[in-house]
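These are the residues of each chain, in order.
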Amino acid sequence: MTVVEESTNAVPTPDNNLNDQKPAGFGRMLRKEDPRFVRGMGQYCDDVELPGMLHLAILRSPYAHARIVSIDKTAAEAHPKVKAVITGEDLAASNLAWMPTLSNDVQAVLATDKVRFQHQEVAFVVAEDRYSARDALELIDVEYDPLPAVIDVRKALAPDAPIIRDDLDGKTNNHCFEWEAGDKAATDAVFADADAAEDGIVVTEDIVYPRVHPAPMETCGCVADVERVSGKLTLWCTTQAPHAHRTVYALVAGLPEHKIRIIAPDIGGGFGNKVPIYPGYVCAIVASLVIGKPVKWMEDRTENLVSTGFARDYVMRGEIAATRDGKIRAIRTEVLADHGAFNGTAAPVKYPAGFFGVFTGSYDLEAAYAHMDAVYTNKAPGGVAYACSFRITEAVYLVERMVDVLAHDLDMDPAELRLKNFIQPDQFPYESKTGWIYDSGDYEPAMRKAMAMAGYDELRREQAEKRERGELMGIGISFFTEAVGAGPRKDMDILGLGMADGCELRVHPTGKAVVRLSVKTQGQGHETTFAQIIAEEIGIPPEDIDVVHGDTDNTPFGLGTYGSRSTPVSGAAAALVARKVRDKAQIIASGMLEASVADIEYEAGAFRVKGDPEKSVTIQDIAMKAHGAGDLPDGLEGGLEAQICYNPENLTYPFGAYICVVDIDPGTAEVTVRRFIAVDDCGTQINPMIIEGQVHGGLADGVGMALMEMIAFDEDGNCVSGTLMDYLIPTAMEVPDWETGHTVTPSPHHPIGAKGIGESATVGSPPAIVNAVIDALKPYGVRHADMPLTPSRVWETMQGNHTPPI
Amino acid sequence: MQVPAPFEYERATSVDHAIALMERLGSEARIVAGGHSLLPMMKLRLATPEYLIDINDLSAELEYIRIEGDEVRIGALTRHRQLLESDELAAVLPIFRDAEKVIADPIVRNRGTLGGSLCQADPSEDLSAVCDAVGASCVIRSTTGERVVSMHDFHRGPYETAVGDGEMLTEVRVPIRPNSSSAYHKVERRAGDWAVASAGAAVTMDGDVIADGRVGLCAVGPNLTNVEPISAALRGQAPSEELYARVGQIAADNASPSADTRGTAAYKTHLAKELTIRSLRKAVARATGQD
């Protein structure tokens, strides 16, 4: 059942601050973590200072592709403050020069034979301070023999392309992997039919999702400390997945897992950038092992942009087969995926293209098929990052851009076209033509609500008037469905680790509690949201619940926070562990109230005897009884705590309707985002303020990707986006006041009906903005243009000179 | 954290002290004022000066905007923020406020200086184009005295100026003419970005005709200080859209931009024209009281 609620854009007043309530469960409340953040009291990796700590700096390759002839480190070693200079050859002696990636490829920790992308790690220096470490890098003399580089992904599979991964046995080309989804024969048949039929139409467009970067405010880094007597490694690290990292270190480095403790302190933004294990972490661990002192490595801004997990980089050909009255019959796509020099994608093993398979979008089709070739290029590795829900960003962009291409060719209103093709409410659970089981959805109310908030018909009238005057105004729509909350262990794992999440809840004698999570916040507000989930289930106020996370010695195992999985997976674990505690509390209450367990009912923190509401005890009374003196019901242990490991039954499928209004200066081609309306449905809402915050951030991300962000390379493979002067991220000046609303369609399989929201706006907003720009350019006969839609690219498109960005 | 190469640092206590230090330390010494161009370059190790001479204590000598007779004198240490906020300056030379509104962000504007901007001589730097348009001159001091050079002579090319070893830019002087005004237009990919292209225009009216007009362009190629054919085309002409278009075309013809991530050469050339037209239109409207 879908609930359509009023918009929540009410402005708080001193008398009515909507965000400063104190709910006993779900609802608006200020974030518990914010007092320390707004006072500058957060504790980040770079705040960790240990006695005798040394500093590590990494020497990186100036070439995109070159053989290493020799490395002379004698001058660097002679620097008075340098403690060690380590090269790939040194690591190879301990079999540590290469490490596995999260996608079962290997990646060089330090290059031994050759460098494969510009800024690849070549050597590191450990020194008494970070200045000396950096200075000593310039004393290392590396002789390179430059090789031709593969930069244009379209040329990677050419017969004469230089072979990048000659480290892999028998590798004779740059092919990384092949992937397909859907039914090729059935899809081809529908296309042939639509092509031949009088009332049929087939549209095709080449669409690039350029390489972008999450660019979190805090760069990546760590402090490694190997305790000399016990041999225990403590690693303070900027990781979104501390438990997964610990197990990987244990499997790879041969360190016993109980002698590894990963602590992820406060994280200044992750967005997927802090999922992979980077060479720098391994270098710091090796340095601490070798030298016997704690070692800190914090990358600088440039290192973060040029070497760590990028995102997207898909070159796609999209095709839709439809009828001329606007019924979409099939979607087909061919994708060339640029994975850089090593396949560092972080995705469930059976999903090398992530969840790109949901490219069928929110529409009921006859058939669908995707084929992908992933290739190696001389660029930094990565692939899944930047709040993309495992490649759903690319999938949604493809389908929502293609639907607009179809609307263009049919001269049909894009809202009407979408409404005509939605999966209908009675079709859920809906199995898509690529095999995804959409759990729940009711699309039309969300679409209608967004159109009502936007004043859609009035906007179209305004646009028509402006076109008469030669003014350029565009209205863009996207309607997205995501698949988030990886994932069911029956078919999802990363390096053999199932994607379930643990949770532990302990209620103290005075009725306060501590809940321990396996996931790790990077700004999402877990310390508040998870306290609210527990509060909703057992009635302990959120402020009385301590949320512990990010420390492998103090939290249960689980795979971490990315792909919008915290609430769908770990949130379910939190609700269920609280119900376990509640069940025990009910038994204790039955003893206290001298009634049978079946006669006890629970409501908002109180346990009552049915039909006798005067007889009740609170969860706080029960906590004291559980730990106190006197008898408990027969067979019951003392204490009030529980633990759980939650294996999700399915993914959750949040959705949303976004409408963007842009104005374009016809003389300069500058795009202004005038309005943005976002109606999201993430099922049951836990804290609407936090949800709005997530949506606001994701929408700003979308403005960045649509209009300005791109990791670009010159023809020699030099990355030309290595500073925030060159790699632009949007500011408050480029974004409008967001207009948010929501509908509520609970997930049927999630204990509280919640779906993930963390990436919805990042996924859904770029196509809305691009569609708006293309709509504005309709008088110029424009049907498609690629991101980023900088003034220059828009102007060139207006001249009929659009060229893809790579 | 990006860290610069080692350097030595001294705080000057007077302009004379700063110049004496510059003379003694030679070409490896750099003056630092706001530091918003120099320090990022040092952190990226694109600049590796051996000595930094900090002049931030010299506000009393170098931080001022004075209207004296028929010229404005602006101290080299005057911050962007002061150029933005000065009502006196905006009244006679509104182009400064136009430009400062789109230069960087408040953090940079609080520290960055006029002198630093001109001496950095980045080809995408806004204030050079502004000073070109308004016909400014620069006061350069050394131990042997002062010399005054026009913007045309001040600019030697990208990142190169007339300021030699042991010398220091101390003041910028801008003539104030009656019946005159000015304007600045810039296209940037995002607030705070360097210009994709920009143009500043200054005009002096004589009745219904333009007695004198100048245009300064930014980020569309070298040596675009005071494009003389533009001034020649404007002189004695009655303002009209046809005139602006003609002059805009001259600006485009004189532009020789290079393609980069900010834009294609064709787009930047187009902007040289478009922004010249907009700046002239605005400057004339202001000068004739129609704005």
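Preceding this section is the structure that the text describes.
The shown structure was predicted, so the numbers you read here are calculated from the model rather than taken from an experiment.

Asker: What is the right way to read the overall build of chain B from this model?
Answerer: Within chain B, the secondary structure is distributed over 13 helices and 13 strands. For a compact globule of 291 residues, the expected C-alpha radius of gyration is about 19 Å, and chain B comes in at 19 Å, within 12% of that figure. Taken over the C-alpha atoms alone, chain B extends approximately 55 × 45 × 30 Å along its principal axes. By sequence separation, contacts in chain B at least 24 residues apart represent 63% of the contacts at least 6 residues apart. Within the structure as shown, chain B displays about 11,900 Å² of accessible surface, and the carbon and sulfur contribution to it stands at 47%. Taking the 31 positively charged and 41 negatively charged side chains of chain B as two groups, their mean positions are separated by 4 Å.

Asker: Just to check I follow, could you spell out the overall build of chain A for this structure?
Answerer: When helices and strands are counted, chain A shows 18 helices and 34 strands. The C-alpha radius of gyration computed for chain A amounts to 28 Å, which stays within 12% of the reference 28 Å derived for 806 residues, consistent with globular compactness. C-alpha extents for chain A along the principal axes are approximately 80 × 75 × 55 Å. Residues counted as buried form 64% of the 806 residues belonging to chain A. Here the contacts in chain A between residues at least 6 apart in sequence split such that 79% fall between residues at least 24 apart. For chain A, the accessible area works out to roughly 28,100 Å², and carbon and sulfur atoms hold 50% of it. Each charge sign in chain A was given a centre, from 71 positive and 117 negative side chains, and these centres are 3 Å apart.

Asker: How do you make sense of helix α11 (residues 443-454) of chain A when you look at a structure like this?
Answerer: In this model, α11 of chain A (12 residues) spans 17 Å end to end at C-alpha, consistent with the 16 Å of a helix rising 1.5 Å per residue. Taken as a whole, α11 of chain A has its buried residues at Tyr443, Ala446, Met447, Lys449, Ala450, Met451 and Ala454 of chain A.

Asker: Is there a simple way to explain the packing of helix α18 (residues 791-798) of chain A against helix α13 (residues 265-287) of chain B in this structure?
Answerer: Between two packed helices, the angle of one axis relative to the other and the distance separating the axes together describe the packing. As a packed pair, α18 of chain A and α13 of chain B sit with axes 9 Å apart at the nearest point and diverge in direction by 90 degrees. Classified by the angle between their axes, α18 of chain A and α13 of chain B sit roughly perpendicular to one another. On the side of α18 of chain A, the interface is formed by Pro791, Ser792, Trp795 and Glu796 of chain A, while α13 of chain B contributes Ala266, Tyr267 and His270 of chain B. Per-class residue counts for the contact of α18 of chain A with α13 of chain B are 4 nonpolar, 2 polar and 1 charged.

Asker: Would you take a moment to explain the interface of chain B and chain A for this structure?
Answerer: Accessible area lost when the parts come together is the quantity often used to give the size of an interface. Contact residues are listed per partner, giving 27 residues for chain B and 32 residues for chain A. For the chain B face of the interface with chain A, the top three residues by lost area are Met1, Arg189 and Arg190 of chain B, together amounting to 29%. Applying the counting criterion to the chain B and chain A interface returns 3 salt bridges. Summed over the shared surface of chain B and chain A, the result is 11 residue pairs in polar contact (both at pLDDT 80 or more). Residue assignment for the side of chain B that touches chain A shows that the elements contributing at least two residues are β11 (180-187) and α13 of chain B. Of all the elements, α13 of chain B adds the most residues to the side of chain B that touches chain A, at 7 residues.

Asker: Even after reading the chapter, I still don't get unusual backbone geometry, so can you show me in this structure?
Answerer: Among all residues save glycine, negative phi is the norm, and among peptide bonds the norm is trans. All names here are of chain A. Of note, the bond from Ala486 into Gly487 is cis; its omega dihedral lies within 30 degrees of zero at -25 degrees. Of note, the amide linkage connecting Met787 to Pro788 takes the cis form, showing an omega dihedral of -10 degrees. Counting through the fold element by element, Pro788 comes out in the loop between α17 (760-776) and α18. Here the phi dihedral of Asp411 falls at roughly 55 degrees; this positive angle occurs in a residue that is not glycine.

Asker: I'm lost on the sheet that holds strand β25 (residues 501-507) of chain A in this one. Help?
Answerer: One key point about sheets: their strands pair by backbone hydrogen bonds, in either a parallel or an antiparallel sense. All names here are of chain A. What the 4 strands build is an open sheet, ordered β27-β26-β25-β31; its pairing is mixed. Looking at the sheet topology across the chains shown, the edges are occupied by β27 (545-548) and β31 (641-646). Recorded for the sheet is a direction-independent mean angle of 15 degrees between the axes of neighbouring strands. The sheet strands contacting helix α13 (residues 526-538) are β25, β26 (513-517) and β27, and the helix crosses β27 at an angle near 130 degrees. Against the sheet, helix α14 (residues 566-593) engages β25, β26 and β31, with an angle of about 145 degrees to β31.

Asker: Explanation requested: the packing of α14 of chain A against helix α15 (residues 619-627) of chain A in the structure shown.
Answerer: Residue and element names in this part refer to chain A. Here α14 crosses α15 at 85 degrees, and the two axes come no closer than 10 Å. Classified by the interaxial angle, the pair formed by α14 and α15 is roughly perpendicular. Note on element contacts: α15 touches α14 through Ile619, Asp621, Ile622, Lys625 and Ala626, opposite Ala585, Ile588, Ala589 and Met592. Here the residues of the contact of α14 with α15 sort into 7 nonpolar, no polar and 2 charged.

Asker: Looking at this structure, I do not really get the pattern of salt bridges. What am I missing?
Answerer: For side chains bearing opposite charge, pairing can occur when the charged atoms are close. All names here are of chain A. This model, assessed by the stated rule, comprises 85 salt bridges over all chains. Glu128 serves as the salt-bridge partner of Lys83, at 3.4 Å between the closest nitrogen and oxygen. Taken together, the positions of Lys83 in strand β4 (residues 82-87) and Glu128 in the loop between β8 (121-127) and α4 (130-137) put the pair 45 residues apart, joining distant regions of the chain. Its relative accessible area of 46% is what places Lys83 among the partly exposed residues. Of the charged contacts, one joins Glu444 and Arg448 as a salt bridge, the two residues approaching to 3.0 Å between their closest N and O atoms. Of the two residues, Glu444 and Arg448 are both situated in helix α11; the distance of 4 residues between them amounts to about one turn of the helix. The class for Arg448 is partly exposed, based on a relative accessible area of 44%. Each member of the salt-bridge network shares a partner with another, and the members are Arg67, Asp105, Asp113, Lys114, Arg116, Arg165, Asp166 and Asp167.

Asker: Would you mind showing me how to read helix α5 (residues 184-196) of chain A here?
Answerer: Turn by turn, an α-helix covers 3.6 residues, leaving residues three or four places apart pointing in a common direction. All names here are of chain A. Taking 1.5 Å per residue, 13 residues should reach 18 Å; α5 reaches 18 Å between its end C-alpha atoms and fits that length. The complete set of buried residues in α5 reads Thr187, Val190, Phe191 and Ala194. Along the long axis of α5, the arc covered by the buried residues comes to 100 degrees, so they all point the same way. Away from its buried face, by an angle of more than 90 degrees, α5 presents the exposed residues Ala185 and Ala196. The inward-facing, buried residues of α5 abut β11 (200-212), β16 (310-323), β17 (328-338) and β18 (367-375). One side-chain oxygen at the N-terminal end of α5 lies 3.1 Å from the backbone nitrogen of Ala185; it belongs to Asp183.

Asker: For this particular structure, what's the right way to read the pairing of strand β33 (residues 671-681) of chain A?
Answerer: Within a regular strand, the side chains alternate between the two sheet faces. Residues and elements named next belong to chain A. Within β33, 9 of the 11 residues are buried, which leaves the element mostly enclosed by the surrounding structure. With 10 bridges joining them, strand β32 (residues 655-664) and β33 adopt antiparallel strand pairing. Its bridge partner lying in β33, Val661 is registered against Arg675. Between the end of β32 and the start of β33, which pair antiparallel, lie 6 residues, with Ala669 showing a positive phi angle near 65 degrees.

Asker: Sorry if this is basic, but what is going on with the pairing of β11 of chain A here?
Answerer: Residue and element names in this part refer to chain A. In terms of residue burial, β11 counts as a mostly covered element, since 10 of its 13 residues are buried. Where β11 lies against β16, 12 bridges are found, and the strand directions are antiparallel. When the bridges of β16 are listed, Gly200 appears paired with Thr323.

Asker: Just to check I follow, could you spell out the sheet that holds β4 of chain A for this structure?
Answerer: All names here are of chain A. The mixed open sheet is built from 7 strands, whose spatial order is β4-β8-β2-β15-β12-β13-β14. Because the sheet does not close on itself, it has two edges, and the strands there are β4 and β14 (260-263). Within this sheet the neighbouring strands show an average axis-to-axis angle of 20 degrees, counted without direction. With 5 bridges joining them, strand β12 (residues 221-226) and strand β13 (residues 233-237) adopt antiparallel strand pairing. Following the sheet pairing, Val226 is matched in β13 by Leu233. Where α4 meets the sheet, it contacts β2 (54-60), β4, β8 and β15 (295-298), and its direction lies at approximately 25 degrees from that of β2. Contacts from helix α7 (residues 279-291) reach β2, β4, β8, β12, β13 and β15 within the one sheet, and its direction differs from that of β12 by about 25 degrees.

Rules used in this analysis
Residues numbered from 1 in each chain as written. Chains lettered and ligands numbered in written order. Predicted model: local features only at pLDDT ≥ 70, side-chain atom pairs only at ≥ 80, totals over all residues. Heavy atoms only, no water. Helix = DSSP H or I, 4+ residues; strand = E, 2+ residues; numbered from the N terminus. Rg over C-alpha atoms; globule rule 2.2 N^0.38 Å. Contact = heavy atoms within 4.5 Å. Areas by Shrake-Rupley, 256 points an atom, 1.4 Å probe, with all protein chains shown as cover. Lys, Arg positive; Asp, Glu negative; His and termini not counted. Charge placed at Lys NZ, Arg CZ, Asp CG, Glu CD. Buried < 20%, exposed > 50% of the residue type's maximum accessible area, 1.4 Å probe, protein only. Expected span 1.5 Å × (residues − 1). Axes fitted to C-alpha atoms, helices over the stretch in contact; angles between N-to-C directions. Parallel < 35°, antiparallel > 145°, perpendicular 65-115°, else oblique. Nonpolar A, V, L, I, M, F, W, Y, C, P; charged D, E, K, R; others polar. Buried area = accessible area lost by both parts, 1.4 Å probe. Salt bridge = Lys/Arg side-chain N within 4 Å of Asp/Glu carboxyl O. Polar contact = N/O pair within 3.5 Å; in protein donor to acceptor, adjacent residues only side chain to side chain. Pairing = 2+ DSSP bridges. Arc of directions from axis to C-beta.

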